[in-house]
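# Working through the structure, step by step
If you want the building blocks of each chain, they are given just below.
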Amino acid sequence: MNKVEKEHFSAVYIFKSFLVLGKKIWYVLSVKDKRFNDLKAAGGMSNSGEDPKATAIREGMQELGVMITDMIFVHECFRVNHYQYYFLATEVSNLPELDDERKMSEIKGKKPGDSLHMRWVNLVEFSQCVYKGQFVAFKKALLKKAELDQVFAMDNIKLLRNLSV
């Protein structure tokens, strides 16, 4: 990851499994803007002097209401006029339950009618609906998670194989 001196975008992927009708299913905590059909990782532009990790931590709190205490860098790209940095959260507290869909206004006190809300989305659905500018980062986050977590890798082997072709 390069030293950042200018404004940048940072986002973070958070994965978790839940038992649904006795079956373990993996999900990603996502943000959806009701103005668009795409799903995204929580993220946003940096504040003045903020490094990419600090931006991702702040955005995780603001958009998801979670506290990220550790993460791993997974992807960097340049878009239009700024760098984008993507991370995989490895330690997170205050995770919502599976059925907890919160609007951002409920998380960070934004004005009523805010167009963003967060929800858990299963990995297959997310891979089909992820914002196209984040697809490569999502794929790299999945592969890094599989590298670090053998159970995750085995549970998602079919999806991982499909994404690697």
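For the structure itself, consult the block above.
Only a predicted model underlies this, so the values are computations on that prediction, with no experimental measurement involved. (Residues numbered from 1 in each chain as written. Predicted model: local features only at pLDDT ≥ 70, side-chain atom pairs only at ≥ 80, totals over all residues. Heavy atoms only, no water.)

When their charged atoms lie close together, side chains carrying opposite charge are able to pair. Throughout the structure, instances matching the rule amount to six salt bridges. Residue E50 is joined to R58 by a salt bridge in which the shortest nitrogen-to-oxygen separation is 2.8 Å. Here E125 makes a salt bridge to R119, at a shortest N to O gap of 3.0 Å. Look at E125 and you get partly exposed, because its relative accessible area is 27%. The structure contains a network of salt bridges with shared partners spanning E50, R58 and E59. (Salt bridge = Lys/Arg side-chain N within 4 Å of Asp/Glu carboxyl O. Buried < 20%, exposed > 50% of the residue type's maximum accessible area, 1.4 Å probe, protein only.)

Bringing the sheet that holds strand β5 (residues 42-45) into the picture now. On the basis of which strands lie adjacent, the open sheet formed by four strands has the order β5-β1-β7-β6 and mixed pairing. Each of the sheet's edge strands pairs with one partner strand only, and the pair in question is β5 and β6 (67-79). Each neighbouring strand pair of the sheet contributes to a mean axis angle of 20 degrees, computed without reference to strand direction. Direction of pairing for strand β1 (residues 8-13) relative to β5: antiparallel, over a ladder of four bridges. Residue pairing across strands places A11 opposite G43, the latter belonging to β5. Its contacts with the sheet place helix α1 (residues 52-64) against β1, β5, β6 and β7 (82-93), and it is angled at close to 120 degrees to β5. In the packing of helix α4 (residues 135-148) onto the sheet, the strands contacted are β1, β6 and β7, and the crossing angle to β6 comes to about 135 degrees. (Pairing = 2+ DSSP bridges. Helix = DSSP H or I, 4+ residues; strand = E, 2+ residues; numbered from the N terminus. Axes fitted to C-alpha atoms, helices over the stretch in contact; angles between N-to-C directions. Contact = heavy atoms within 4.5 Å.)

As a further point, take the nonpolar core. If you look at soluble globular proteins, the nonpolar side chains tend to sit buried side by side. Y13, F15, Y86, L123, F126 and L142 are the most contacted members of the largest nonpolar core, which has 26 residues in total. For this core, the element with the most residues is α4, which contributes five residues. Membership of the second largest hydrophobic core comes to 18 residues, among which are V31, A42, A56 and A89. (Core = buried A, V, L, I, M, F, W, Y, C linked by side-chain atoms within 4.5 Å.)

Here we come to the layout of surface pockets. In this structure, the largest pocket encloses a volume near 300 Å³. Considering the residues around the largest pocket, the lining is formed by 15 residues, among which V124, D155, N156, K158 and L159 are closest to the centre. Taken together, the elements giving at least two residues each to the lining of the largest pocket come down to β3 (23-33), α3 (123-129) and α6 (157-164). Per-class residue counts for the lining of the largest pocket are six nonpolar, five polar and four charged. There is about 170 Å³ of room inside the second largest pocket. Together, F9, V31, K32, D33, K40, A41, G43, E63, L116, Y131 and Q134 line the second largest pocket. Per-element accounting of the lining of the second largest pocket gives the leading share, three residues, to β3. Here the lining of the second largest pocket is built from residues that sort into five nonpolar, two polar and four charged. (1 Å grid on protein atoms, 1.4 Å probe; cavity = no way out; pocket = protein on both sides within 12 Å on 5 of 7 lines; lining within 4 Å. Points joined across faces, edges and corners; volume = space filled by probe spheres on them. Nonpolar A, V, L, I, M, F, W, Y, C, P; charged D, E, K, R; others polar.)

Take the environment of F138 next. On the secondary structure map, F138 appears in helix α4. Along the backbone, F138 and A41 are 97 residues apart, and their C-alpha atoms lie at a distance of 8.2 Å. Sequence-distant contacts of F138, defined by excluding residues within four places in its chain, comprise Y13, F15, L123, F126 and S127.

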